[in-house]
Amino acid sequence: MTADFEPRITAFVCNWCTYTGADLAGTSRLHMASNVRIIRLPCTGRIDPLFIIKAFERGADGVIVSGCHPADCHYTSGNYHARRRFAVFHDIMGFVGVDPRRMTFSWVSASEGAKWKDVVDQAVSNVRELGPFEAYRALAPEAVEAETVGSPGAEVTP
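As the structure is a prediction and not an experimental result, all values here were calculated from the model. Counting from 1, residues in each chain are numbered in the order their sequence is written. Two thresholds apply to this predicted model, a pLDDT of at least 70 for residue-level local features and 80 or more for giving and counting side-chain atom pairs, whereas whole-chain, interface and lining totals are computed over all residues. As a rule here, side-chain values come from all non-hydrogen atoms in the structure, and water together with hydrogens is ignored.

**So, the overall build of the protein**
- Each helix is a run of H or I in the DSSP string that is no shorter than four residues. Each strand is a run of E no shorter than two, and both are numbered from the N terminus. Across its full length, the protein carries 6 helices and 4 strands.
- Relative accessibility decides the category of a residue: with a 1.4 Å probe and only protein chains considered, values under 20% of the type maximum give buried, values over 50% give exposed, and everything between is partly exposed. Here the protein, with 158 residues, has 39% of them falling under the buried criterion.
- Pairs of residues are marked as contacts when any of their non-hydrogen atoms sit within 4.5 Å. Sequence separation of at least 24 residues holds for 80% of the intrachain contacts in the protein that already meet a minimum separation of 6.
- Areas reported here follow the Shrake-Rupley algorithm with a probe of radius 1.4 Å; residue values treat only the protein chains shown as occluding. Carbon and sulfur atoms make up 55% of the accessible area of the protein, which amounts to about 9,100 Å² in all.

**Observations regarding the pattern of salt bridges**
- The working definition used for a salt bridge is a side-chain nitrogen of Lys or Arg within 4 Å of a carboxyl oxygen of Asp or Glu. Under the counting rule described, the total for this entry stands at 5 salt bridges.
- Of the charged contacts, one joins Lys117 and Asp121 as a salt bridge, the two residues approaching to 2.8 Å between their closest N and O atoms. One end of the pair is Lys117 and the other is Asp121, both in helix H4 (residues 113-130) and 4 residues apart, which spans about a single turn.
- Here Asp121 falls in the partly exposed class, since its relative accessible area comes to 25%.
- Three or more residues joined by partner-sharing salt bridges are found here, namely Asp99, Arg101 and Glu129.

**Regarding empty space enclosed by the protein**
- Here a cavity denotes a set of grid points, spaced 1 Å apart and computed over the protein atoms alone, in which a 1.4 Å probe fits but from which it cannot get out, and a pocket denotes an open set meeting protein on both sides within 12 Å along at least five of seven lines; residues with an atom within 4 Å of a point are reported as lining. Grid points are joined across faces, edges and corners, and a volume is the space filled by probe spheres set on the points. Overall, the coordinates contain 2 cavities of 30 Å³ or more when judged by the stated rule.
- Roughly 70 Å³ of volume is contained in the largest cavity.
- Counting residues per element, the ones that place at least two in the lining of the largest cavity are helix H2 (49-57) and helix H3 (78-95).
- Broken down by element, the residue count for the lining of the largest cavity peaks at 4 residues, all from H3.
- For this scheme, ten residues count as nonpolar: Ala, Val, Leu, Ile, Met, Phe, Trp, Tyr, Cys and Pro. Four count as charged, namely Asp, Glu, Lys and Arg, and the remainder, Gly too, count as polar. Each residue belonging to the lining of the largest cavity can be placed in one class, and the counts come to 8 nonpolar, 1 polar and 2 charged.
- Estimated volume of the second largest cavity: approximately 30 Å³.
- In terms of lining residues, the second largest cavity is bounded by Cys14, Trp16, Pro42, Cys43, Thr44, Cys68, Cys73, His74, Tyr75 and Asn79.

**A closer look at the pairing of strand E1 (residues 9-14)**
- Counting buried positions over the 6 residues of E1 gives 6, a clear majority of the element.
- Side chains Ile9, Ala11 and Val13 of E1 all project onto a buried face; the interleaved residues Thr10, Phe12 and Cys14 project onto the opposite face, where all are buried too.
- Relative to strand E2 (residues 36-41), E1 is paired through 6 bridges, and the arrangement is parallel. Bridge pairing in E2 places Phe12 opposite Ile39.
- By convention, a crossover is right-handed whenever its connection, traced from the first strand over the helix to the second and viewed with the strands pointing away, goes clockwise. In terms of handedness, the path from E1 via helix H1 (residues 18-27) over to E2 forms a crossover that is right-handed. Only when DSSP finds a minimum of two bridges between them are two strands counted as paired.

**A closer look at the nonpolar core**
- Note on terminology: a nonpolar core comprises buried Ala, Val, Leu, Ile, Met, Phe, Trp, Tyr and Cys residues joined through side-chain atoms within 4.5 Å. If you look at the biggest cluster of nonpolar residues, it comprises 15 residues, and the most contacted ones within it are Phe12, Ile52, Phe56, Val63, Val65, Met93 and Met103.
- Secondary-structure elements contributing two or more residues to this core are H2, strand E3 (62-67) and H3.
- The contacts of Ile52, once residues within four sequence positions are left out, are Phe12, Val63, Val65, Phe86, Phe89 and Met103.
- Judged by nonpolar contacts, the second largest core, of 14 residues, contains Ile9, Val13, Val36 and Val127.

**Considering the side chain of Thr104**
- Relative to the assigned elements, Thr104 resides in strand E4 (residues 103-107).
- Under the relative-accessibility criterion, Thr104 is labelled buried at 17%.
- Those residues in contact with Thr104 that sit more than four places away from it in its chain are Val63, Ile64, Val65, Phe86, Val119 and Ala123.

**Describing the state of the cysteines**
- We call a pair of cysteine sulfur atoms a disulfide when they lie within 2.5 Å. Scanning the entire structure with this criterion turns up 0 disulfides.
- Cys68 provides the cysteine sulfur closest to Cys14, a residue in no disulfide bond, and the two sulfurs are 3.5 Å apart.
- You can call Cys14 buried: its relative accessible area is 2%.
- In this model Cys43 remains outside any disulfide bridge; the closest cysteine sulfur is found in Cys73, 3.8 Å from its own.
- Given a relative accessible area of 6%, Cys43 falls into the buried group.

Printed below as a string of structure tokens:
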């Protein structure tokens, strides 16, 4: 691991609570790690586990999934579905060799900008400690090979 490693974190957040909480953190000018790229979805219940795998495939070093608190979902039970799905997926990813500390699940409401800051800082700290995620090559070896072979400047040997 290099001392200047800055992890790439992908965050899947619900539109109604966590995204608004993240916006509040920004408008409140809270200082937090800037390594997180947010993907806003209507509800965490809409997060397919394949989204998380794709994030790792495409170079994310860590993933955050965050939505409304239990009983506060704008779609009634989407966050409960997400919590169940993430618990199972978390175990599966651990089984295939992805360190569970690379994935964070949290509840952040629209009024919890400071909590979002803490979630981001903790996720970045955990992933920074683990180092770069290189196992993505095992998740999609054909895709990585195709990108490498077809990229400009890549040597092609017969």
